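Letter by letter, the chains look like this.
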Amino acid sequence: FATLDLKVDVHMDDKVVQALSDHAAHIMAQFNPQDIAISTWAFATLKRTPDWTFLDAMMGKAVAEGDRFKPQDISNLLWALATLGIEPSAPLTKVFA
């Protein structure tokens with residue numbers, strides 16, 4: 001198979017990351033498990049750590065929605081946290097155990 005090996009270096013200004021983080025934290029109540037996982041995955045893929053307002057809201061919502069997470073969502077979320085060097089909260093660890 002032919003493959004195309006593109007490497008795209010995306011530089012995101014700190015203000016843009018902060019705005020995305022703030023907005024996501026603000027609307028976190030509307031997120032479903034896939035939204036939670038993919039938004040955190042996106043920050044990790046960009047190698048940008050969201051602020052603790054986002055992380056606290058995300059972990060709280062993930063705990064509340066824990067039984068609705070599919071295996072892929074759990075995998076994406078835990079990969080993102082590990083990539084960002086962030087330890088999951090104790091309640092989140094317990095939910096996914």
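Remarks on the overall build of the protein chain
Okay, step 1: Secondary structure assignment for the protein chain yields 5 helices and 0 strands.
Okay, step 2: Reading the secondary structure of the protein chain in the N-to-C direction produces α-α-α-α-α.
Okay, step 3: Expressed as a percentage of its 97 residues, the buried residues of the protein chain come to 36%.
Okay, step 4: For the protein chain, the computed accessible surface area is about 6,500 Å², with 58% contributed by carbon and sulfur atoms.

Some words on the pattern of salt bridges
Okay, step 1: Per the stated rule, a full pass over the model turns up 3 salt bridges.
Okay, step 2: The salt bridge involving lysine 61 is made with glutamate 65; its shortest N-O contact spans 3.2 Å. Pair check on accessibility: lysine 61 and glutamate 65 agree, each one buried.
Okay, step 3: For arginine 68, the salt bridge is made with glutamate 65, and the minimal N-O distance between the two is 2.3 Å.
Okay, step 4: Taking the relative accessible area as the measure of exposure, glutamate 65 reaches 13% and is therefore buried.
Okay, step 5: When salt bridges with common partners are traced through the structure, they connect Lys61, Glu65 and Arg68 into a single cluster.

Structural notes on unusual backbone geometry
Okay, step 1: Phi is positive for lysine 47, close to 60°, though the residue is something other than glycine.
Okay, step 2: By secondary structure assignment, the location of lysine 47 is in the loop between helix H2 (33-45) and helix H3 (52-64).
Okay, step 3: Judged by its relative accessible area of 72%, lysine 47 falls in the exposed class.

Observations regarding helix H1 (residues 14-26)
Okay, step 1: When the terminal C-alpha atoms of H1 are compared, their 18 Å separation across 13 residues agrees well with the 18 Å that a helix rising 1.5 Å per residue should span.
Okay, step 2: Three or more residues of H1 are buried, namely Val17, Ser21, Ala24 and Ala25. End-on view of H1: buried residues confined to an arc of 100°, all on one side of the axis. Facing away from the buried side of H1, by more than 90 degrees, are the exposed residues Lys15 and His26.
Okay, step 3: Those residues of H1 that are buried are in contact with H2 and H3.
Okay, step 4: Measuring from the side-chain oxygen of the N-cap residue of H1 to the backbone nitrogen of lysine 15 gives 2.7 Å; that N-cap residue is aspartate 13.

Here's the deal with helix H4 (residues 71-84)
Okay, step 1: In this model, H4 (14 residues) spans 20 Å end to end at C-alpha, consistent with the 20 Å of a helix rising 1.5 Å per residue.
Okay, step 2: Buried within H4 are the following residues: Asp73, Asn76, Leu77, Ala80, Leu81 and Leu84. The buried residues of H4 occupy one face: seen down the axis, they fall within an arc of 125°. What points out from H4, more than 90 degrees from its buried face, is the exposed set Pro71, Gln72 and Ala82.
Okay, step 3: The inward-facing, buried residues of H4 contact H2, H3 and helix H5 (90-96).
Okay, step 4: The first or second residue beyond H4 is glycine 85, which carries a positive phi of 75°.

Conventions used here
Residues numbered from 1 in each chain as written. Predicted model: local features only at pLDDT ≥ 70, side-chain atom pairs only at ≥ 80, totals over all residues. Heavy atoms only, no water. Helix = DSSP H or I, 4+ residues; strand = E, 2+ residues; numbered from the N terminus. Buried < 20%, exposed > 50% of the residue type's maximum accessible area, 1.4 Å probe, protein only. Areas by Shrake-Rupley, 256 points an atom, 1.4 Å probe, with all protein chains shown as cover. Salt bridge = Lys/Arg side-chain N within 4 Å of Asp/Glu carboxyl O. Expected span 1.5 Å × (residues − 1). Arc of directions from axis to C-beta. Contact = heavy atoms within 4.5 Å. Polar contact = N/O pair within 3.5 Å; in protein donor to acceptor, adjacent residues only side chain to side chain.

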